[in-house]
Amino acid sequence: MGGARGARLDAALGRVCTLPLWEPDGGHPWELHEAVEELIAAHGSDDVGEPVAEAVAAGRADRARGADLLNIAAWSGTDNGAALGRTLTTWLRAGDDPVRVHLALHHEAYPFPTRGEMLLRLPGLADRFPEHRALVERRLAARPARPTGGGPELRAVLGELTAQDTEAVVTAVDPAPGAGTDAPGRAVITPAVGLSPRIMHVIAVPAAMAGKDDGPWGLASRHRDALAAADGIGVHSVAFPMLGSSLPVGEAARIAVRTLAATPTSVELVRLVTPDAAAYAALTAALYGPARFGRD
């Protein structure tokens, strides 16, 4: 963009990149809001995503300022940020530019037009940009849990099992005879040591074995045994890993979800936890169905 319009846009960018960002009371100065409105007018569109991203990439503003400017712009435009939101979604779908991914992930609005797309795309972004993993996990954790018709709430979590704040966690091992307290079925309960402070118990179920225990029946049985053990010690929240199986990850996720949702239990919350983006995508698909890229 050249000429007088280009000069006006450049001047507006210069102003939003240099004005004080915060007031002592924690709010943005009114002058900054006025400068963002001038930027929108100079650009000729409510969507100022590209000019701001280019300014950040050129070093005229840092990423934190760029994200704040876009949040202000969303409230300053005449379309309540709709056009800007579409641009941010496009950046995240491409997922190839560190500056644009940072700006989009730090926008106040939830990314993507539907919950299904958010659940399936964000884990991949966390893998490509590990510096944003904690933010992605907070976004994912804030979504509604899947209703299960009277059973426990089921949530898929992208993260580490030992970092959960549930009362118990499940692990797949071959416990030594006599270790811990015998529980229903083949599960064994031991005290939690060195884990998240709220975790009090570890429920150990056998790892997958060749033969009958390695198929759908064995996988479902290990989930039921763990829930029965949780009921036996009176805990109300349990975190499960993706229990080992030779089954494809999608089928294993569906069996886990169906079994946990259908098993009578006093457990109120079950988290299905994995640090792997592909396994997380399989769990969310099992919980919510395939991603829908239209309206929720």
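Source: prediction; values computed, not measured. (Residues numbered from 1 in each chain as written. Predicted model: local features only at pLDDT ≥ 70, side-chain atom pairs only at ≥ 80, totals over all residues. Heavy atoms only, no water.)

Observations concerning the layout of surface pockets
Over the atoms, a rolling probe the size of a water molecule traces out where space has been left empty. Taken as a whole, the largest pocket holds about 240 Å³ of empty space. Together, 17 residues line the largest pocket, and Gly85, Arg86, Thr89, Tyr110 and Phe112 are the ones closest to its centre. Top element by residues in the lining of the largest pocket is helix α5 (residues 82-94). It accounts for seven residues. Here the residues of the lining of the largest pocket are counted per class, giving nine nonpolar, six polar and two charged. Of the volumes computed, that of the second largest pocket is approximately 200 Å³. As for the second largest pocket, its lining consists of 13 residues, and the residues nearest its centre are Glu137, Ala141, Val157, Leu158 and Gln164. If you list the elements that add at least two residues to the lining of the second largest pocket, you get α8 (133-141) and β1 (153-158). Of the residues forming the lining of the second largest pocket, the biggest block, four residues, is contributed by β1. (1 Å grid on protein atoms, 1.4 Å probe; cavity = no way out; pocket = protein on both sides within 12 Å on 5 of 7 lines; lining within 4 Å. Points joined across faces, edges and corners; volume = space filled by probe spheres on them. Helix = DSSP H or I, 4+ residues; strand = E, 2+ residues; numbered from the N terminus. Nonpolar A, V, L, I, M, F, W, Y, C, P; charged D, E, K, R; others polar.)

Describing the pairing of strand β7 (residues 269-274)
Within β7, six of the six residues are buried, which leaves the element mostly enclosed by the surrounding structure. Here β7 shows a buried face lined by Leu269, Arg271 and Val273 and a second buried face lined by Val270, Leu272 and Thr274. Where β1 lies against β7, six bridges are found, and the strand directions are parallel. What sits directly across from Ala156, in β7, is Leu272. Examined bridge by bridge, strand β6 (residues 237-240) and β7 share four bridges and lie parallel to one another. The partner of Val238 across the bridge, within β7, is Val270. Chirality of the crossover, the property in question, places the unit of β6, helix α10 (residues 249-262) and β7 among those that are right-handed. (Buried < 20%, exposed > 50% of the residue type's maximum accessible area, 1.4 Å probe, protein only. Pairing = 2+ DSSP bridges. Right-handed = clockwise from strand over helix to strand, strands pointing away.)

So, helix α7 (residues 115-128)
Turn by turn, an α-helix covers 3.6 residues, leaving residues three or four places apart pointing in a common direction. Spanning 14 residues, α7 covers 21 Å between terminal C-alpha atoms, matching the ideal 20 Å at 1.5 Å per step. The largest bend in α7 amounts to roughly 30° and is located at Arg121, with the proline Pro123 lying one to four residues further along. Structurally, α7 contributes buried residues whose contacts are with α5, α6 (98-105), α8, β1 and α11 (277-288). (Expected span 1.5 Å × (residues − 1). Bend = angle between axes of the 7 residues up to and from the residue. Contact = heavy atoms within 4.5 Å.)

Quick word on empty space enclosed by the protein
Counted according to the given criterion, the structure contains two cavities of 30 Å³ or more. Space inside the second largest cavity adds up to approximately 40 Å³. In this structure, the second largest cavity is lined by Leu219, His223, Pro241, Met242, Leu243, Ala252 and Ala256. Those elements that place two or more of their residues in the lining of the second largest cavity are α9 (216-233) and α10. Each residue belonging to the lining of the second largest cavity can be placed in one class, and the counts come to six nonpolar, one polar and no charged.

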